[in-house]
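A look at the structure
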Amino acid sequence: MKKTIWFISFLSLLILTSCSTSPEAEEIAKYHNDYVENVNSLASQVDEQIQKSFATESPQETYDLQTENVLPLIDEIKKYIEDMQPESGEVKELHEMRLKQLSAWEEAFKLQYQALEKTVAEESEEEVSKLLKESDQKLLEAAELGQQADNKLVKLAEEHDVTIN
């Protein structure tokens, strides 16, 4: 979860303002600002709920909390990103990178959730450990994909005279 918090924190530091009036510059700034505003808010809520789940008294309570509170937030993040409709080819490319990042992050969470399900069902610790290891790998992948998307964003910002504050 620390990786999720890092990811969100990094994105929230990137507030774009357009220094020119080109449609591309405006789209880059709007895409990123909308993404940060909406995704960061929801991801913060995910982190809050996960933190709450650490304070539960049983794996079943943790499972219930995540089922009722975390999964719907993740679905909302996914729907928001999937519903974004960039127009220019460059922003579409950035968007595809963000979709891949989201997919890896979502898969990591689902692996953690499966591990929790197996814990509740009192299945083998070996299976749980395997799922958690896979989840950690997916979180690393999501972080790498996020870095690539951030690099693409910086490149687009430079090319289109968009200032990153």
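Residues numbered from 1 in each chain as written. Predicted model: local features only at pLDDT ≥ 70, side-chain atom pairs only at ≥ 80, totals over all residues. Heavy atoms only, no water.

Notes on the environment of Ser44
Here Ser44 lies in helix H2 (residues 23-54). Ser44 sits 29 residues away from Leu73 along the chain, and the two C-alpha atoms are 9.8 Å apart. (Helix = DSSP H or I, 4+ residues; strand = E, 2+ residues; numbered from the N terminus.)

Regarding the nonpolar core
What tends to happen in soluble globular proteins is that the nonpolar side chains get buried as a cluster. By size, the foremost hydrophobic cluster in this structure holds 30 residues, and its most contacted members are Tyr35, Val46, Ile77 and Trp105. Only H2, helix H3 (59-83), helix H4 (89-120) and helix H5 (125-159) provide two or more residues apiece to this core. (Core = buried A, V, L, I, M, F, W, Y, C linked by side-chain atoms within 4.5 Å. Buried < 20%, exposed > 50% of the residue type's maximum accessible area, 1.4 Å probe, protein only.)

Things to note about the packing of H3 against H4
For the pair H3 and H4, interaxial distance at closest approach is 11 Å and the crossing angle is 165 degrees. Relative to H4, the element H3 is oriented roughly antiparallel. You can see that H3 and H4 cross each other, and the crossing is left-handed. (Axes fitted to C-alpha atoms, helices over the stretch in contact; angles between N-to-C directions. Parallel < 35°, antiparallel > 145°, perpendicular 65-115°, else oblique. Left-handed = near helix turned anticlockwise from the far one by under 90°.)

Brief notes about the pattern of salt bridges
For the structure on display, the rule yields 12 salt bridges. Between Arg98 and Asp150 there is a salt bridge, with the nearest N and O atoms lying 2.7 Å from each other. Here Asp150 lies in helix H5 and Arg98 lies in helix H4, a separation of 52 residues in the sequence. The residues Arg98 and Asp150 share a single accessibility class, namely buried. Taken together, the shared-partner salt bridges in this structure form one network comprising Lys78, Glu106 and Lys110. (Salt bridge = Lys/Arg side-chain N within 4 Å of Asp/Glu carboxyl O.)

Some remarks on the packing of aromatic side chains
Per the counting criterion, the structure on display carries 3 aromatic pairs. For the pair Tyr31 and Tyr35, a centre-to-centre distance of 6.3 Å together with 20 degrees between the ring planes defines the contact as stacked. One end of the pair, Tyr31, and the other, Tyr35, are both in helix H2, 4 residues apart, so they sit about a helical turn from each other. This pair shows no difference in class: Tyr31 is buried, exactly as Tyr35 is. Ring centres of Phe109 and Tyr113 lie 6.4 Å apart, and the angle between their planes is 25 degrees; on these two criteria the pair is classed as stacked. A residue pair is termed a helical-turn pair when its members lie 3 or 4 positions apart in one helix, as Phe109 and Tyr113 do in helix H4 at 4 residues. (Phe/Tyr/Trp six-rings, centres within 6.5 Å; stacked < 30°, edge-to-face > 60°.)

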